[in-house]
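A structural walkthrough
Residue strings, one per chain:
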Amino acid sequence: MAIARVRLPPNIKKGDVVEVKTLVTHPMESGQRKDANGQIIPRKILNKFVCAYNGREVFRAELWPAISANPFITFFLVAGDSGSLKFTWTDDDGSTIEHSEEIHVA
Amino acid sequence: MDRSFARDQISRRLVLIGAAGVATGFVTIRKVAAQAVHPGAHVEWLNKLVGGKKATPGKVKLHIPEIAENGNTVPMTVSVDNPMTAAAYVKAIHVVTDNNPQPQVASFYLSPANGKAEIQTRIRLAETMHVIAYAELSDGSVWSDQAEAKVTIGGCGG
């Protein structure tokens, strides 16, 4: 099962521009590698990443095989109301990895 | 320990390290060579993304280490010196390379909700190459930056 981790700075105040650090475990198989007997290992990566803040999309990324394994992505966010940040990574095979993180805004 | 003994130790260790470095370097380079690189593919891709608009160097700062020890995971930061308000903000940041099997790296879509146009991630570089970032602003203008990363041990290709 993939593990997703999100880091937010402590004691966030309304209006702060905070850095959101995200990490998810995934091999990001680029389709460039060969296995032991020389067969190309087919591409299988996370190709989309979306963050929604209290239901509203605030960040989206399209990813390609050049993104390293266990994708680490950071972006910034204006702190509004307390609530939850929902992160969704979409795999080439259509499956998704989801993670939600509470955001406490003073 | 007199000096000559230390010198032997050091030289022996250097020889060993050197040999190990060469061995791993050789193995990876052979594996990556399989995929041909289409020169100019990155320019075509960028043009498609920004509708053929010309990019002006400036406002964008792409940072990658000058020398990447491990091409599998090269830290990259792209920041755009531009307000993020409803009136003027950075809509998208596109990143490509000019010497990976595929030119695309990632596209990031932003809005005033981000407050600051800066992203960080880790990318794969098969060998020494340029990484190019385009930023599209809400007024339709396109800005760019590029940087070269020398890769000592190639990543398994983009």
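Let us look at the structure shown here. (Residues numbered from 1 in each chain as written. Chains lettered and ligands numbered in written order. Predicted model: local features only at pLDDT ≥ 70, side-chain atom pairs only at ≥ 80, totals over all residues. Heavy atoms only, no water.)

We now examine the overall build of chain B. Of the regular secondary structure elements, chain B holds two helices and nine strands. For chain B, the sequential pattern of α-helices and β-strands runs α-α-β-β-β-β-β-β-β-β-β. By residue count, 43% of the 158 residues in chain B fall in the buried class. Across chain B, every contact between residues at least 6 apart in sequence was considered, and the portion connecting residues at least 24 apart equals 66%. Just so you have it, chain B exposes about 8100 Å², and 59% of that area is on carbon and sulfur atoms. (Helix = DSSP H or I, 4+ residues; strand = E, 2+ residues; numbered from the N terminus. Buried < 20%, exposed > 50% of the residue type's maximum accessible area, 1.4 Å probe, protein only. Contact = heavy atoms within 4.5 Å. Areas by Shrake-Rupley, 256 points an atom, 1.4 Å probe, with all protein chains shown as cover.)

Assigned secondary structure in chain A consists of zero helices and seven strands. Order of helices (α) and strands (β) in chain A, N terminus to C terminus: β-β-β-β-β-β-β. Taking all 106 residues of chain A together, the buried fraction comes to 45%. On chain A, the mean spot of the 13 positive side-chain charges and the mean spot of the 13 negative ones are 3 Å from each other. (Lys, Arg positive; Asp, Glu negative; His and termini not counted. Charge placed at Lys NZ, Arg CZ, Asp CG, Glu CD.)

So, about the environment of Pro27(A). Tracing the sequence through the fold places Pro27(A) in the loop between strand E2 (17-24) and strand E3 (46-53). Note: C-alpha distance between Pro27(A) and Pro71(A) (44 residues apart in sequence) is 8.7 Å. Among all residues touching Pro27(A), those that are not within four sequence positions of it are Ala69(A) and Arg124(B).

Turning to the packing of aromatic side chains, a few remarks are in order. Counting across every chain of the model gives eight aromatic pairs over all chains. Judged by centre distance (6.2 Å) and plane angle (10 degrees), the ring pair of Phe49(A) and Phe87(A) falls under stacked. Linking Phe49(A) in strand E3 with Phe87(A) in strand E6 (residues 83-91), this pair joins segments that are 38 residues apart in sequence. Between the aromatic rings of Phe59(A) and Phe108(B), the centroid separation amounts to 6.1 Å while the plane-to-plane angle is 20 degrees, which identifies the pairing as stacked. One end of the pair, Phe59(A), is in strand E4 (residues 56-63); the other, Phe108(B), is in strand E6 (residues 104-109), on a second chain. Exposure remark for Phe108(B): the relative accessible area of 0% places this residue in the buried category. (Phe/Tyr/Trp six-rings, centres within 6.5 Å; stacked < 30°, edge-to-face > 60°.)

Glancing now at the interface of chain B and chain A. Taken together, the contact between chain B and chain A spans 32 residues of the former and 28 residues of the latter. Interface area for chain B against chain A, summed over the two sides, is near 2700 Å², with a carbon-plus-sulfur share of 51%. It is Tyr109(B), Arg122(B) and Arg124(B) that lose the most area in chain B upon contact with chain A, and together they represent 23% of the buried surface on that side. At the surface where chain B touches chain A, the tally comes to zero salt bridges. Across the contact surface, chain B and chain A share 18 residue pairs in polar contact (both at pLDDT 80 or more). Looking at the side of chain B that touches chain A, the elements that each hand over two or more residues are E6 and strand E7 (118-123) of chain B. When the residues that make up the side of chain B that touches chain A are grouped by side-chain class, the tally is 14 nonpolar, 14 polar and four charged. Inspection of the sheet shows E4(A) paired to E6(B) by four bridges, in the antiparallel sense. Each bridged residue has a counterpart across the sheet, and for Leu63(A) the counterpart in E6(B) is Ala106(B). (Buried area = accessible area lost by both parts, 1.4 Å probe. Salt bridge = Lys/Arg side-chain N within 4 Å of Asp/Glu carboxyl O. Polar contact = N/O pair within 3.5 Å; in protein donor to acceptor, adjacent residues only side chain to side chain. Nonpolar A, V, L, I, M, F, W, Y, C, P; charged D, E, K, R; others polar. Pairing = 2+ DSSP bridges.)

The residue Ser79(B) is located in strand E4 (residues 74-80) in this model. Relative accessible area serves as the criterion here: at 19%, Ser79(B) is assigned to the buried category.

To continue, consider helix H2 (residues 41-49) of chain B. Residues and elements named next belong to chain B. Residues of H2 that are buried include every one of Ala41, His42, Trp45 and Leu46, and no others. For H2, the arc enclosing every buried residue in end-on projection is 135 degrees, short of the 170-degree limit, so these residues lie on one face. Exposed and oriented more than 90 degrees from the buried face of H2 are Glu44 and Lys48. Its buried side turned inward, H2 meets strand E5 (90-97), E6 and strand E8 (129-137). Just past H2, the residue glycine 51 takes up positive phi, approximately 60 degrees. (Arc of directions from axis to C-beta.)

It is worth stressing that arrangement in space is one thing and function is another; only the former is reported here.
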